[in-house]
Amino acid sequence: MKLKELNIKNKTARLPVIQGGMGVGVSRSGLAGAVAKAGGVGMISSAQIGYDEPDFEQDVRGCNIRALEKHVKLAKEQADGGLVGVNIMVALSHYAEHVKAAVRAGADLIVCGAGLPVSLPELVKDADTAIAPVVSSRKAASVLLRMWDKKYKRTADLLVVEGPQAGGHLGFTREQLEDIPALSFDSEIRGIIQEKRIYEEKYGVSIPVVAGGGIFDRMDVEHMMETGADGVQVATRFVVTEECDASRAYKQAYIDAGQEDVVIIKSPVGMPGRAIRNEFIRLMEQGRAAVRHCFGCIRNCDPGNTPYCITQALINAVKGDLDHGLIFCGAKVDKIREMTTVAALMRELAE
């Protein structure tokens, strides 16, 4: 099967591979720029992207906006004409400001998950930036597309469908995640494809569907294409590349992880998440860690009751302090055995 280009709005990626956005700091300009240069769509995560700015604790909002614009521009400089996007969680306290900053910086695509991005069309207005919601069911896609159609008289430029084997925050219940085969995700993808055709016909546009979650090798890519998807979203495998922005220790945790180390946790974001069991998770299973400094990252977080500070845990991990850090991962992390490069991985997925 020869892979086709991925056309998003009025722009084209040479290969139908979107690198998933991973925060905090795991996918910034280093990784995203390399993926875009290799022909895919490189994605920067805006979640606490300014964590290493010198005044971060004093001005979280300002540092994140400054760093986001900086990393989008750096990635585009590296991309050699390739596409660079930003993944922005709807649950973030400064979600709207992150969207506007990404548009200002020239992002080609904005992908929004961790909630339905109801106001996204209003935030990007008439900008050339393409917009894509993350959905995990036909019902979610139907609700959002109907809402955008009614309120904004427009539709999505792309749909990202995340399945139950994805890493990080997941749009499924814990019970569903514990019985993945019962979800019949292929049929869900086909249902979403049927749903989006209503709006393709109404607006005279193409709305590509990109499927993610458990995409490990070329066989997985071909399976998704046979299901009807126009492209794939891959995240976990890009962590263990030389260009990934995470620390070497973070990457080594992926290489060392076995299937028994992959667990579903309850995140302060209010959604289940998939992560690597480590000392931090073992400690959290015994009780909560008092929040010593609130970074104001998530709208619905109560520092007095949250089990731990997710910002601090993710910062610790990306810097390499794994015993005090949260390491998100996909379901197939146990299949990773060695470091690689973005160019080599893209060739493996594409050839």
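Here, the structure is the one placed above.
Notes on the structure in this doc start here.

Conventions and cut-offs
Residues numbered from 1 in each chain as written. Predicted model: local features only at pLDDT ≥ 70, side-chain atom pairs only at ≥ 80, totals over all residues. Heavy atoms only, no water. Pairing = 2+ DSSP bridges. Helix = DSSP H or I, 4+ residues; strand = E, 2+ residues; numbered from the N terminus. Buried < 20%, exposed > 50% of the residue type's maximum accessible area, 1.4 Å probe, protein only. Right-handed = clockwise from strand over helix to strand, strands pointing away. Phe/Tyr/Trp six-rings, centres within 6.5 Å; stacked < 30°, edge-to-face > 60°. Lys NZ or Arg CZ within 6 Å of the ring centre and 35° of its normal. Arc of directions from axis to C-beta. Contact = heavy atoms within 4.5 Å. Salt bridge = Lys/Arg side-chain N within 4 Å of Asp/Glu carboxyl O. Axes fitted to C-alpha atoms, helices over the stretch in contact; angles between N-to-C directions. Parallel < 35°, antiparallel > 145°, perpendicular 65-115°, else oblique. Left-handed = near helix turned anticlockwise from the far one by under 90°. Nonpolar A, V, L, I, M, F, W, Y, C, P; charged D, E, K, R; others polar.

Right, let's get into the sheet that holds strand S12 (residues 262-266). Reading across from one edge, S9-S13-S12 is the order of the 3 strands in this open sheet, with antiparallel pairing throughout. Of all the strands in the sheet, the pair left with one neighbour each is strand S9 (168-169) and S12. Here 5 bridges tie S12 to strand S13 (residues 272-276), and the two strands are oriented antiparallel to one another. When the sheet's bridge partners are listed, Val-262 is paired in S13 with Ile-276.

Our next topic: the pairing of strand S11 (residues 231-234). Burial of the side chains of S11 extends over both faces: Gly-231 and Gln-233 are buried on one face and Val-232 and Val-234 on the other. Here strand S3 (residues 17-19) runs beside S11; their pairing, made up of 3 bridges, is parallel. For Ile-18, the partnering residue across the bridge sits in S11 and is Gln-233. Alignment of strand S10 (residues 209-212) against S11, held across 3 bridges, turns out to be parallel. The residue bridging Ala-211 from the neighbouring strand is Val-232, located in S11. Chirality of the crossover, the property in question, places the unit of S10, helix H8 (residues 218-227) and S11 among those that are right-handed.

Counted according to the given criterion, the structure contains 1 aromatic pair. If you follow Arg-237 out to its NZ or CZ, it ends over the ring of Phe-216, 4.3 Å from the centre.

Turning our attention to helix H3 (residues 95-105). Within the span of H3, buried status applies to Tyr-95, His-98, Val-99, Ala-101, Ala-102 and Ala-105. All buried residues of H3 project into a common sector of 165° when viewed along the axis, lining one side. Where H3 is buried, its residues touch helix H2 (60-78), strand S5 (83-89), strand S6 (109-113) and helix H4 (120-124). Directly beyond the C-terminal end of H3, a positive phi value near 95° is found at Gly-106.

What follows is about the side chain of Asn-87. Within the element layout of this structure, Asn-87 appears in strand S5. What Asn-87 contacts, discounting residues up to four positions off in sequence, is Gly-21, Met-43, Ile-44, Ser-45, Ser-46 and Val-111.

A word on the pattern of salt bridges. One pass over the full model with this rule turns up 19 salt bridges. A salt bridge links Lys-196 to Glu-200; its shortest N-O distance comes to 2.8 Å. In this pair, Lys-196 and Glu-200 both sit in helix H7 (residues 185-203), 4 residues apart, roughly one turn of the helix. The residues Lys-196 and Glu-200 share a single accessibility class, namely buried.

Turning our attention to the packing of helix H5 (residues 138-152) against H7. Where H5 meets H7, the closest approach of the two axes is 9 Å, and the angle between their N-to-C directions is 15°. What the angle tells us is that H5 and H7 run roughly parallel. Our pair here, H5 against H7, has a crossing hand that is right-handed. Residues Arg-138, Ala-141, Ser-142, Leu-145, Arg-146 and Asp-149 of H5 pack against Glu-188, Gly-191, Ile-192, Gln-194, Glu-195, Lys-196, Tyr-199, Lys-202 and Tyr-203 of H7. Among the residues forming the contact of H5 with H7, the class breakdown is 5 nonpolar, 3 polar and 7 charged.

So yeah, pure geometry; function would need other evidence.
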